[in-house]
Amino acid sequence: MIELVKKAFNYSKRTAIISNQSEHTFDQLLSKSESIASCILDGQEDLLGGRVVFLIPPSFKYVAIQWAIWRAGGIAVPLCTLHPLPSLKYVIEDSEASILIVTKAYKESLEPLSKQLNIRLILVEDLTDSYLAELPNISMERRAMILYTSGTTSKPKGVVTTHKNIQFQIESLVKAWKWESNDRILNILPLHHIHGIINVLCCALWAGASCEFLPKFDSKKVWDKISSGQLTLFMAVPTIYFKLIDFWESSSKKQKTTLSEGVKKLRLMVSGSAALPISVLEKWKDITSHILLERYGMTEIGMALSNSYKGERRPGHVGLPLPGVQIRLVDTFGNDIRNTGNPGEIQIKGPNVFKEYWKKPKATIDSYQDGWFKSGDIAVFNKGMYKILGRDSVDIIKSGGYKISALEIEDVLCRHSKIKECAVIGIPDKEWGEVVAASLILSEKNIDFIDLKLWLKEFLPSYKIPRKFIIQEELPRNTLGKVTKNVLKNSFEL
Ligand code: MLC
Ligand code: AMP
């Protein structure tokens, strides 16, 4: 049995999950996941690493299904509830899923696909508690999860982590941020990325703490919760803090005082997944007295660097390696340049580092240099702490904490009948970190942007749809004919 599940037996009557106004104990999580695992197994002894894709909004059911997949020996592949059908189809096909678990709400859209691909479709509503099978023994070396993340290729890659990777990632954070069983955290992050899954959900459950879900981010509801005095921790992406500040500023004087006083009761507030602007950190400190703890991580490596829990939290910096994580800063030749004060690439080693890109051995090998995972993030080591300067690729955009591939959006745009050529970039934005912007070369005189956005929605989730468009006669290119995206940035009004 994996350690996360084993530990739950010690927390039996404690509250594990709060969702849809109901509280669920660890005992309930154990018994629900056991019965779902039995249903999934359907007579088999062990799923033996079969991929189980699931599309379930954040809730007790989501967690019970995640645990059930692990307990049945499967690999959990969570889908994004915001994704349109082509994006879901891509993950289902690429992961070569054998089982698809969805709520009734998605039946109509996904049943035809499951039939076409001959995948067993299970509706959550049909899962019963009637029968319990013997569950397999799962070794820690086995693959546990595949999360799809964008990179420098057009299509997202499946990042495979083992149970051992996940356990190490959790233990490192539990230790660094002093998780305890009397903690309670609010989870408003999507549950198909590590921030929401590992840092919030799994750490809470590992510690015997409670994790409360809100179905969707909503500034007022989040403020109500974080100022209620019930929570001890909160974690979010910088865009969420930006939005919370916005809400606070538009509140009445009396309300501002109530919110600010209430939130002081938390013991820790963390920001990550994208650079935290110093202005946001400072404003948050003004209104809540909390100095946000900024940390740095990546789907492939879990969390790597963190400001101190008890000591210094330096604005604009991401601190030092988390327990057990090895970091080096290298130049293009792989020389360690940490102490030169020059910028270099962050590379990572340790049990936290993922196993492989799913079915992409070459991409996996290429992502390492001398045994170190290449993050693609550029940093400097400044007076004893790491500071992220940016990325080595202009094709990767971070917007609202989501990693977005410019190439994926270009691929879709170029399929439009009125678009001859295009280039997509990220441009700086106070709220979103970056917003997606596209330059279009048309094959016709003009294009209706409202229609274009509607068309894009069929293929891309809303956070990947360009917010800014320009039409150009030609794209800026260098002598080799490659689009110079840094030059293109100047064509957008910043
Ligand atoms: C949404 N909108 C955007 C946008 N996303 N506009 C610009 N850029 C974007 N990226 C617009 C929508 O079109 C809509 O506009 C309006 O904003 C509200 O949309 P929404 O979907 O309701 O947004 P909201 O719920 O407010 O979402 C904001 C958010 C969300 C910040 C809560 O983006 C989010 O959950 N981000 C977290 C992603 C995450 O977990 N990343 C971690 C990756 S792991 P209109 O005009 O239609 O109203 C990782 C490793 C690590 O990075 O280190 O953690
Ligand atoms: P993802 O692939 O979605 O896991 O995103 C990981 C990327 O998010 C990293 O490679 C960084 O570029 C970025 N990131 C995460 N945390 C931070 C941070 N604190 N500051 C700057 N960038 C960050």
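See above for the structure.
One structure accompanies this document, and this report is about it. What you are looking at is a predicted structure, and each value in this text was computed from that prediction instead of being measured. (Residues numbered from 1 in each chain as written. Chains lettered and ligands numbered in written order. Predicted model: local features only at pLDDT ≥ 70, side-chain atom pairs only at ≥ 80, totals over all residues. Heavy atoms only, no water.)

**Considering the environment of Thr-232**
Part 1 of the argument: Mapped onto the elements of the fold, Thr-232 is located in the loop between α8 (219–226) and β11 (233–236).
Part 2 of the argument: C-alpha separation for the pair Thr-232 and Lys-360, spaced 128 residues apart in sequence, amounts to 41 Å.
Part 3 of the argument: In this structure Thr-232 touches Asn-182, Asp-183, Arg-184, Leu-266, Arg-267 and Leu-268, once residues within four positions along its chain are discounted.
Part 4 of the argument: One polar contact links Thr-232 to Asp-183, side chain to side chain, over a distance of 2.6 Å. (Helix = DSSP H or I, 4+ residues; strand = E, 2+ residues; numbered from the N terminus. Contact = heavy atoms within 4.5 Å. Polar contact = N/O pair within 3.5 Å; in protein donor to acceptor, adjacent residues only side chain to side chain.)

**Considering the site of ligand 2**
Part 1 of the argument: Residues in close proximity to ligand 2 total 15 residues, the closest being Glu-294, Arg-295, Thr-299, Asp-377 and Lys-398.
Part 2 of the argument: At 2.6 Å, a side-chain N or O of Thr-299 approaches an oxygen atom of ligand 2.
Part 3 of the argument: Lys-403 is positioned with one of its side-chain polar atoms (N or O) 3.0 Å from an oxygen atom of ligand 2.
Part 4 of the argument: The element best represented in the shell around ligand 2 is strand β13 (residues 293–298), accounting for 5 residues.
Part 5 of the argument: In terms of residue class, the shell around ligand 2 is made up of 5 nonpolar, 4 polar and 6 charged. (Near = heavy atom within 4 Å. Nonpolar A, V, L, I, M, F, W, Y, C, P; charged D, E, K, R; others polar.)

**Side note on the nonpolar core**
Part 1 of the argument: The biggest cluster of nonpolar side chains holds 117 residues, and the ones touching the most others in it are Trp-179, Ile-226 and Phe-234.
Part 2 of the argument: If you tally residues by element for this core, the top one is helix α7 (residues 194–207), at 11 residues.
Part 3 of the argument: In this view, Phe-234 contacts Ile-185, Leu-186, Ile-188, Val-222, Ile-226, Ile-240, Tyr-241, Leu-244, Leu-266, Leu-268, Met-269 and Val-270; residues no more than four positions away in its chain are not counted.
Part 4 of the argument: If you look at the next biggest cluster of nonpolar residues, it comprises 22 residues, including Ile-404, Leu-413, Ala-438 and Tyr-463. (Core = buried A, V, L, I, M, F, W, Y, C linked by side-chain atoms within 4.5 Å. Buried < 20%, exposed > 50% of the residue type's maximum accessible area, 1.4 Å probe, protein only.)

**Some details on the packing of helix α9 (residues 238–249) against helix α10 (residues 253–263)**
Part 1 of the argument: One way to put it is that α9 packs onto α10 with a least axis distance of 9 Å and a crossing angle of 140°. The angle between the axes of α9 and α10 places the two elements in the oblique class. In this structure, α9 contributes Phe-247, Trp-248 and Glu-249 to the contact, and α10 contributes Gln-255, Lys-256, Leu-259 and Ser-260.
Part 2 of the argument: Residues of the contact of α9 with α10, tallied by class, amount to 3 nonpolar, 2 polar and 2 charged. (Axes fitted to C-alpha atoms, helices over the stretch in contact; angles between N-to-C directions. Parallel < 35°, antiparallel > 145°, perpendicular 65-115°, else oblique.)

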